[in-house]
Amino acid sequence: MRTKDIKVSPSIKKPRVNVVTLGCSKNIHDSEVLMGQLKGNRMEVVHESSNIQADDIVVINTCGFIDNAKQESIDTILQFSELKDQGKVNKVIVTGCLSERYKPELQAEISNVDAYFGTNDLPELLSTIGADYRHELVGERLLTTPSHFSYFKIAEGCNRPCSFCAIPLMRGKHVSKSIDDLVKEAKFLASNGTKELILIAQDLTYYGLDIYGKRNLSDLLRHLSDVNGIDWIRLQYAYPSGFPMDILDVMNERSNICNYLDMPLQHITDNMLKSMRRGIDKQKTVDLVNKIRDKVPDIALRTTLICGYPGETEADFEEMARWVEDTRFDRLGCFTYSHEEKTHAHTLVDDVPEEVKESRVEQIMEIQQEISFDKNQDKIGQEYKVVIDKKDGDYFVGRTEYDSPEVDNEVLIDATSEYARIGDFVQVHIDRAEDFDLYGTLVR
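Residues numbered from 1 in each chain as written. Predicted model: local features only at pLDDT ≥ 70, side-chain atom pairs only at ≥ 80, totals over all residues. Heavy atoms only, no water.

Within an unreviewed UniProt entry, the label attached to the chain reads Ribosomal protein uS12 methylthiotransferase RimO, and the organism entered is Sphingobacterium corticis. Its UniProt record gives the chain the following Catalytic activity (unreviewed entry) comment, quoted word for word: "L-aspartate(89)-[ribosomal protein uS12]-hydrogen + (sulfur carrier)-SH + AH2 + 2 S-adenosyl-L-methionine = 3-methylsulfanyl-L-aspartate(89)-[ribosomal protein uS12]-hydrogen + (sulfur carrier)-H + 5'-deoxyadenosine + L-methionine + A + S-adenosyl-L-homocysteine + 2 H(+)". (UniProt positions renumbered as here; feature names shortened; annotations may be inferred.)

Right, dumping it as structure tokens:
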């Protein structure tokens, strides 16, 4: 949300809560839980409304992961604190990862914010607004995504020691939700029209170790798969070290579990993986990818990589580029390294110049663009089950089971000659393909 987009309306008698969400899908989930609690308290709540009202209580759910995200969060806090100074909003409350990580600094620098809360302070936040935390509402949310899909958080926090990552500082240790609670939540979502669950956590593959004494993602998947109305279940944020291979058996057994796996690998050279404290080396990584593809031949593998980590040499980068070319991931994202305070990597010298980091990211993404183009060309002439997410201009925009919203490829259908309802599953014949988009027609 930008200041220039905001319209200020005359004050209304009943204050409402305007929730602004920054950052990742985990934050989206948290904002939806907050909004569900507020609605359960019979409070008026909106999400990122540009029609700002003078009695509004604005709650900003911040991100503190990397420099760009932190700056966006700070800019947003300043924007709304200025509106408060001008009398155009009533209160400004800040929560989320940035507030968890930098609360004393934020209180000192932006003192006109009414309250700062961390990632696990929902009851206290609600109390400040004049609402009660209601246990009977656990699992109920107000979705900010289209109603047919939902980000479905199965655990909070992370026990991994990755050297570059500040998430444990902001989210704490790994805590799994129980299967019973998650099934209850899935049934609630399905009863309200959700057809796709996108499973998220800081680390999906650790699920269950803390409460069941074993990696229990496969059992959870079976229970969620049995929920009536859930057509797709998708896995995001799976950690490679200690990967539970039995989840692939469930993927093969259950037709509503997508042949899709998001597994951030971050790098491939042994010295980078060791310094990153990833708990896995190059050969084990290569073997794991091969085993996954052997077990589920039709799987779409997504990964993310970091360029410019401290000590990354040109040889390290070239080895990673060759590996990307050879491995041919279906989906791939790449990011520049961010030097984060209080992480182990912050003790190292951030010695790769920013322009070199950015150049390496561009080179990796150029390689992936060619791979994606080639893979998309192979889809021409085939038919796919597609969920329709939205209408954008002259096109209906959808996704196959091999694609997650926002980050992956899309299927475009000409809306001037075809009609599809948002949230419906349709069969689409692929007529042509570009680097990251498929174009098709509905199969009658």
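On we go from here.
What follows covers the overall build of the chain. When you go through the chain residue by residue, the secondary structure sums to 13 helices and 20 strands. Against the 2.2 N^0.38 benchmark of 22 Å for 444 residues, the chain shows a C-alpha radius of gyration of 22 Å, consistent with a compact globule. Once the C-alpha set of the chain is aligned to its principal axes, its extents read approximately 60 × 60 × 45 Å. Residues counted as buried form 54% of the 444 residues belonging to the chain. Pairs at least 24 residues apart make up 75% of the contacts formed inside the chain by residues separated by at least 6 positions. Approximately 19200 Å² of the chain is accessible, and the part contributed by carbon and sulfur atoms is 47%. Looking at the chain, you have 54 positive and 76 negative side-chain charges, and the mean spots of the two groups are 5 Å apart. (Helix = DSSP H or I, 4+ residues; strand = E, 2+ residues; numbered from the N terminus. Rg over C-alpha atoms; globule rule 2.2 N^0.38 Å. Buried < 20%, exposed > 50% of the residue type's maximum accessible area, 1.4 Å probe, protein only. Contact = heavy atoms within 4.5 Å. Areas by Shrake-Rupley, 256 points an atom, 1.4 Å probe, with all protein chains shown as cover. Lys, Arg positive; Asp, Glu negative; His and termini not counted. Charge placed at Lys NZ, Arg CZ, Asp CG, Glu CD.)

As a further point, take the nonpolar core. Judged by nonpolar contacts, the single largest core of 53 residues is most densely connected at Ile154 and Leu199. The dominant element in this core, judged by the number of residues it contributes, is helix α6 (residues 179-191), at six residues. Discounting residues that sit within four places of it in the chain, Leu199 has contacts with Phe152, Ile154, Leu204, Leu217, Leu221, Leu224, Ile233, Arg234, Leu235 and Gln236. In this structure, Tyr384, Val387, Tyr402 and Val428 belong to the second largest nonpolar core, which totals 20 residues. (Core = buried A, V, L, I, M, F, W, Y, C linked by side-chain atoms within 4.5 Å.)

Under the local residue numbering, the UniProt record ascribes the feature "domain: TRAM" (unreviewed entry) to residues 377-444. Annotated as residues 377-444, this span is 1% helix and 51% strand, and its ends, taken at the C-alpha atoms, are 23 Å apart.

Taken as a whole, the second largest pocket spans an internal volume of roughly 770 Å³. What lines the second largest pocket is a set of 32 residues, and nearest its centre among them are His29, Asp30, Val33, Leu122 and Lys177. Secondary structure elements with two or more residues in the lining of the second largest pocket: α1 (25-40), β6 (91-96), α4 (122-129), β10 (175-176) and α6. When residues in the lining of the second largest pocket are grouped by element, the largest group, six residues, is from α1. Partitioned by chemical class, the residues of the lining of the second largest pocket number 10 nonpolar, 12 polar and 10 charged. (1 Å grid on protein atoms, 1.4 Å probe; cavity = no way out; pocket = protein on both sides within 12 Å on 5 of 7 lines; lining within 4 Å. Points joined across faces, edges and corners; volume = space filled by probe spheres on them. Nonpolar A, V, L, I, M, F, W, Y, C, P; charged D, E, K, R; others polar.)

Here we take up the pairing of strand β15 (residues 331-336). Working note: regular strand, side chains alternate between the two faces of the sheet. In terms of strand pairing, strand β14 (residues 300-307) meets β15 through six bridges, oriented parallel. Its bridge partner lying in β15, Ile306 is registered against Phe335. A crossover links β14 with its parallel partner β15, the connecting element being helix α12 (residues 314-327), and its sense is right-handed. (Pairing = 2+ DSSP bridges. Right-handed = clockwise from strand over helix to strand, strands pointing away.)

The UniProt record marks Cys158, Cys162 and Cys165 with the feature "binding site: [4Fe-4S] cluster 2" (unreviewed entry), using the residue numbering of this structure. Given a relative accessible area of 10%, Cys162 falls into the buried group. Look past the residues within four positions of Cys162 in its chain and what remains in contact with it is Tyr239, Met276, Arg277 and Arg278. Structurally, Cys165 can be placed in the loop between β9 (155-156) and α5 (167-171). Judged by its relative accessible area of 18%, Cys165 falls in the buried class. For Cys165, the contacting residues outside a window of four places in its chain are Phe65 and Thr343.

In this structure the tally under the stated criterion is eight aromatic pairs. Plain terms: the ring middles of Tyr207 and Tyr212 are 6.5 Å apart, the flat faces sit at 55 degrees to each other, and that makes the pair tilted. Where Tyr309 meets Tyr337, the ring centres are 5.4 Å apart and the plane angle is 75 degrees; that geometry is what we call edge-to-face. With Tyr309 in the loop between β14 and α12 and Tyr337 in the loop between β15 and α13 (354-377), this residue pair connects regions lying 28 residues apart in the sequence. By relative accessible area, Tyr309 is classed as buried at 0%. (Phe/Tyr/Trp six-rings, centres within 6.5 Å; stacked < 30°, edge-to-face > 60°.)

Sheet architecture is open: six strands sit in the order β8-β11-β12-β13-β14-β15, paired in parallel fashion. Two strands lie at the open edges of the sheet, namely β8 (149-153) and β15, each paired on one side alone. Averaged over all pairs of adjacent strands, the angle between strand axes in this sheet comes to 20 degrees, irrespective of strand direction. Of the strands in this sheet, β8, β11 (196-200), β12 (232-235) and β13 (257-262) are in contact with helix α8 (residues 217-225), which crosses β12 at around 160 degrees. Across the sheet, helix α9 (residues 246-253) is in contact with β12 and β13; its angle to β13 comes to roughly 145 degrees. (Axes fitted to C-alpha atoms, helices over the stretch in contact; angles between N-to-C directions.)

Relative to each other, α1 and α4 sit at 45 degrees, their axes nearing to 11 Å. Judged by the angle between their axes, α1 and α4 are oblique. As α1 runs across α4, the sense of the crossing is right-handed. Residues Val33, Leu34, Gln37 and Leu38 of α1 pack against Leu122, Leu125, Leu126 and Ile129 of α4. In terms of residue class, the contact of α1 with α4 is built from seven nonpolar, one polar and no charged. (Parallel < 35°, antiparallel > 145°, perpendicular 65-115°, else oblique. Left-handed = near helix turned anticlockwise from the far one by under 90°.)

Of note, Phe317 is situated in helix α12. Residues Phe317 and Arg360 lie 43 residues apart in sequence; the distance between their C-alpha atoms is 7.4 Å.

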